[in-house]
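One letter stands for each residue in the lines below.
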Amino acid sequence: MGYLAKYRRKYGKSFMAAIFFLTIEALGDLLQPTIMAKIIDVGVSGRDMGYVLRMGGLMLLITLIGAVGASARNIISSRVSQKFGTELRSDLFRKIQSLSFRSIDKFERASLVTRLTNDVTQVQNFVNGLMRIFVKAPLLCIGSLIMAARLEPELSLILAVVVPLVGLLIFMNMRVGFPRFLKVQKALDQVNRVMREYLSGVRVVKAFNRFNYETEKFQEANAEYQTRSVAVMRAMSIFNPAIMLTVNLGILAVIWLGGIRVDQGQMQVGSIIAFINYMTQILFSLMTISMVFNMFVRARASTARIGDVFAEENPMTWKEEAAFASAEAKGRIDFENVTFSYEGEGGEPVLKGITFSCLPGETVGLIGSTGSGKSSLVNLIPRFYDADSGTVRVNGRDLREMDPHQLRESMAVVPQKTVLFTGSIAANLKWGKEDATREQLERAAQAAEAAEFIEKLPEGYETKLGQKGVNLSGGQKQRLSIARALLREPDILILDDCTSAVDVETEARIKASLKAYSRGLTCLLIAQRITSVMDADKIVVLDNGELVGIGTHDELIKECRVYQEIYRSQIGKELHADVNA
Ligand code: DGT
Ligand code: MG
């Protein structure tokens with residue numbers, strides 16, 4: 001995984017330090033059985049109390065050194081794995097922030113959440129485990145093998161059979177586990193997705209009494225998660241007992257063969273005890289290896305999933321030169337034969353061959369039935385998405401050459417779905433302009449017809465909004481959202497159906513003060529109500545992704561069938577007749 005190189009470089013030294021202390025610990029463990037064999041075979045058999053005490057003291061000393069090593073590597077491994085996890089998580093967070101909308105659509109939001117939380121934790125656990133036991137286990141395993149072979153070369157033949165067998169079992173364990181763990185992770189994504197959806201739509205669920213449906217949906221996802229987890233466990237469950245069995249059979253063979261050799265006087269009891277000791281150490285280290293491999297398998301699935309996000313390139317490119325807008329072009333927007341689909345080229349187009357221009361300072365209305373592609377159209381202007389074909393120009397420059405970041409500096413968007421953040425009203429407004437003064441705040445709020453209700457709140461501009469600003473009405477939230485955009489003093493203002501929850505009277509007032517507030521600014525106004533766009537300089541009519549009319553209200557009412565229909569359905573037949581007359 002390429003992205004891990006950075007952390008390897010950064011934490012390599014601490015990692016090696018942990019391994020160093022781990023080695024000390026392991027060496028201590030390795031020496032113990034041999035010393036024990038000596039105590040039994042030399043000290044106890046020879047009734048040499050002095051020898052027993054001396055060797056006992058040595059054992060104690062080694063244990064002490066081992067303990068110091070163990071604490072040191074514990075401290076290091078905890079610190080390193082925590083730091084690594086935190087850093088990986090924040091790097092991933094930053095990466096997710098840089099993703100294009102298309103990429104986010106592709107990954108799905110829930111899966112990004114699982115990757116950021118569960119997957120990072122898996123990798124972090126693995127790194128921690130690596131420093132705690134992983135290196136120790138092979139060290140103990142190989143060390144024990146050597147010590148045992150030195151102690152009793154003849155009995156080591158048993159090891160030559162047992163160890164490869166166990167190695168094979170561990171390998172098979174991995175092969176079986178990996179693809180299944182990937183599936184478990186996917187199922188967990190699903191559980192998260194259902195939960196997320198429920199939480200964000202909890203009011204609707206309650207209103208429609210759809211608890212049972214939601215519960216079922218959750219249970220389904222949960223059951224799937226269970227099934228897949230069980231499938232992994234089942235597949236893996238035969239391996240640990242199989243390993244245990246193999247090693248225990250080995251121990252049996254040692255005792256049996258060792259017994260014969262003791263009878264023949266070729267071997268002493270202490271050596272057999274030591275040999276079995278080494279053998280159990282081999283057993284345990286092999287078990288830990290297989291356990292760590294399980295962790296590894298999981299971590300590998302997780303690293304792959306995290307890696308997918310890191311590998312996701314933002315396909316948007318731009319030229320580095322500074323955006324330069326000539327006075328005549330500042331605030332100008334051109335669409336030239338633009339076709340766009342959410343799935344990328346070849347997908348079902350939601351915009352087809354759109355061509356029109358907004359001149360600097362113009363207010364352009366955008367109208368069309370729901371789903372006709374209005375929001376999609378304006379999504380192209382801040383480069384949230386790139387068009388599949390055709391050209392979009394802002395300030396006379398092709399968007400494909402413009403740095404999205406810089407581009408967005410000069411425009412403000414009031415999205416169709418209002419989003420406010422936890423924090424005070426002032427803090428929310430300052431999203432538009434970080435260093436806005438109180439005066440500027442109030443002026444923007446005034447223009448958005450929000451000042452009045454804000455001042456009526458007990459704490460005024462310092463009133464805290466709950467998550468998503470639940471303590472305000474829909475219309476109030478929309479007005480805050482408009483004020484936030486105005487504060488930015490943009491060249492281009494995009495209002496996506498942002499007065500839908502405001503009464504007609506207030507809307508009229510907002511529009512009047514907008515005009516005064518923002519002289520010279522290009523305004524793209526999406527609306528459902530025909531009255532909202534009627535007095536725009538130009539109105540664009542969309543129908544099913546196609547531009548079916550463009551002109552002033554008077555022109556459209558004469559020529560554009562779709563516009564006439566909208567007009568008739570909203571204002572009524574009589575008025576329509578009047579206009580035609
Ligand atoms: P509205 O807001 O209800 O008045 O409708 P519009 O005119 O704003 O419609 P728009 O642009 O949101 O949707 C046009 C089509 O694109 C519609 O068939 C749904 C589809 N669409 C909208 N947003 C997405 C999206 O994020 N992903 C995908 N795959 N399709 C989308
Ligand atoms: Mg829309």
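Residues numbered from 1 in each chain as written. Chains lettered and ligands numbered in written order. Predicted model: local features only at pLDDT ≥ 70, side-chain atom pairs only at ≥ 80, totals over all residues. Heavy atoms only, no water.

Caption draft 1: How the structure looks around the packing of aromatic side chains. Considering all chains together, one arrives at 11 aromatic pairs under this definition. Between phenylalanine 101 and phenylalanine 384 the ring centres are 4.8 Å apart and the planes differ by 35°, which places this aromatic pair in the tilted class. Separated by 283 residues along the polypeptide, phenylalanine 101 in helix α3 (residues 101-107) and phenylalanine 384 in the loop between α11 (374-379) and β4 (389-394) bring together distant segments of the chain. Measuring from centroid to centroid gives 5.1 Å for tyrosine 342 and tyrosine 385, while their planes differ by 85°, and the two rings are edge-to-face. Of this pair, tyrosine 342 sits in the loop between β1 (333-340) and β2 (351-358) while tyrosine 385 sits in the loop between α11 and β4; the two residues are 43 residues apart in sequence, bridging distant segments of the chain. By relative accessible area, which is 7% here, tyrosine 385 ends up buried. The ring of phenylalanine 107 has lysine 106 sitting right over it, with the charged end atom 5.3 Å from the ring centre. For the cation-ring pair, arginine 210 lies above tyrosine 213, with the distance from its terminal atom to the ring centre recorded as 4.3 Å. (Phe/Tyr/Trp six-rings, centres within 6.5 Å; stacked < 30°, edge-to-face > 60°. Helix = DSSP H or I, 4+ residues; strand = E, 2+ residues; numbered from the N terminus. Buried < 20%, exposed > 50% of the residue type's maximum accessible area, 1.4 Å probe, protein only. Lys NZ or Arg CZ within 6 Å of the ring centre and 35° of its normal.)

Caption draft 2: Representation of the coordination of the magnesium ion (ligand 2) within the structure. Bound to the magnesium ion (ligand 2) on the protein side are Ser375 (OG) and Gln416 (OE1), at distances that span 1.9 to 2.2 Å. Taken together, the residues span a long stretch of sequence, with serine 375 in helix α11 and glutamine 416 in the loop between β6 (411-414) and β7 (423-424) at a distance of 41 residues. Taking the relative accessible area as the measure of exposure, serine 375 reaches 23% and is therefore partly exposed. (Donors = N, O, S within 2.8 Å, 3.2 Å for Na, K, Ca; no water.)

Caption draft 3: Molecular detail of the nonpolar core. Core analysis: the largest hydrophobic core is formed by 49 residues, its most contacted members being Tyr461, Leu480, Leu486, Leu493 and Tyr563. The biggest single contributor to this core is helix α16 (residues 474-487), with six residues. There are two domains that each give this core at least three residues, and those are domain 2 (333-410 + 490-580) and domain 3 (419-480). Residues contacting tyrosine 563, with those up to four places away along its chain left out, are Ile367, Ile530, Met534, Ile539, Val541, His553, Leu556 and Ile557. Judged by nonpolar contacts, the second largest core, of 31 residues, contains Leu169, Val247, Ile276 and Met287. (Core = buried A, V, L, I, M, F, W, Y, C linked by side-chain atoms within 4.5 Å. Domains from an automatic or database assignment. Contact = heavy atoms within 4.5 Å.)

Caption draft 4: Spatial organisation of the site of ligand 1. If you check the shell around ligand 1, you find 13 residues, and the closest are Thr370, Lys374, Ser375, Ser376 and Gln416. Contact between ligand 1 and threonine 370: an oxygen atom at 2.6 Å from a side-chain N or O atom of the residue. For ligand 1, an oxygen atom lies 2.8 Å from a polar atom in the backbone of glycine 371. Look at ligand 1: alone it shows 630 Å² of surface, and the protein chains cover 63% of it. Tallied by class, the residues present in the shell around ligand 1 amount to two nonpolar, nine polar and two charged. (Near = heavy atom within 4 Å. Polar contact = N/O pair within 3.5 Å; in protein donor to acceptor, adjacent residues only side chain to side chain. Areas by Shrake-Rupley, 256 points an atom, 1.4 Å probe, with all protein chains shown as cover. Nonpolar A, V, L, I, M, F, W, Y, C, P; charged D, E, K, R; others polar.)

Caption draft 5: Inspection of the pairing of strand β9 (residues 492-496) at higher detail. In terms of residue burial, β9 counts as a mostly covered element, since five of its five residues are buried. Burial along β9 is two-sided: Ile492, Ile494 and Asp496 and Leu493 and Leu495, pointing in opposite directions, are all buried. Sheet analysis places β6 next to β9, joined by four bridges and oriented parallel. When the bridges of β9 are listed, valine 413 appears paired with isoleucine 494. Between the parallel elements β9 and strand β10 (residues 522-526), the chain passes through helix α17 (residues 504-517) in a crossover that is right-handed. (Pairing = 2+ DSSP bridges. Right-handed = clockwise from strand over helix to strand, strands pointing away.)

Caption draft 6: Expanded view of α17. Taking 1.5 Å of rise per residue, 14 residues should cover 20 Å, and α17 covers 20 Å from first to last C-alpha, within 8% of that figure. Of all the residues in α17, the buried ones are Thr506, Glu507, Ile510, Lys511, Ser513, Leu514 and Tyr517. Of the surrounding elements, those touching the buried residues of α17 are α14 (438-447), α16, β9 and α18 (530-533). (Expected span 1.5 Å × (residues − 1).)

Caption draft 7: Region of interest: empty space enclosed by the protein. In this structure the tally under the stated criterion is three cavities of 30 Å³ or more. By volume, the largest cavity amounts to about 70 Å³. Lining the largest cavity are Leu380, Tyr385, Asp386, Ala387, Gly390, Val392, Asp398, Leu399 and Arg400. For the lining of the largest cavity, a count of residues per class yields five nonpolar, one polar and three charged. The volume enclosed by the second largest cavity comes to roughly 50 Å³. Ile482, Leu495, Cys498, Thr499, Glu507, Ile510, Lys511, Leu514 and Leu525 are the residues that line the second largest cavity. (1 Å grid on protein atoms, 1.4 Å probe; cavity = no way out; pocket = protein on both sides within 12 Å on 5 of 7 lines; lining within 4 Å. Points joined across faces, edges and corners; volume = space filled by probe spheres on them.)

Caption draft 8: Quick look at the packing of helix α1 (residues 5-44) against helix α5 (residues 136-151). Look at α1 against α5: their axes get within 10 Å of each other, and the N-to-C directions meet at 30°. In terms of orientation, α1 lies roughly parallel with respect to α5. α1 and α5 meet at a crossing whose hand is right-handed. Here α1 contributes Leu22, Thr23, Glu25, Ala26, Asp29, Leu30, Leu31 and Thr34 to the contact with α5, which in turn contributes Lys136, Leu139, Leu140, Gly143, Ser144 and Met147. Considered class by class, the residues forming the contact of α1 with α5 number seven nonpolar, four polar and three charged. (Axes fitted to C-alpha atoms, helices over the stretch in contact; angles between N-to-C directions. Parallel < 35°, antiparallel > 145°, perpendicular 65-115°, else oblique. Left-handed = near helix turned anticlockwise from the far one by under 90°.)

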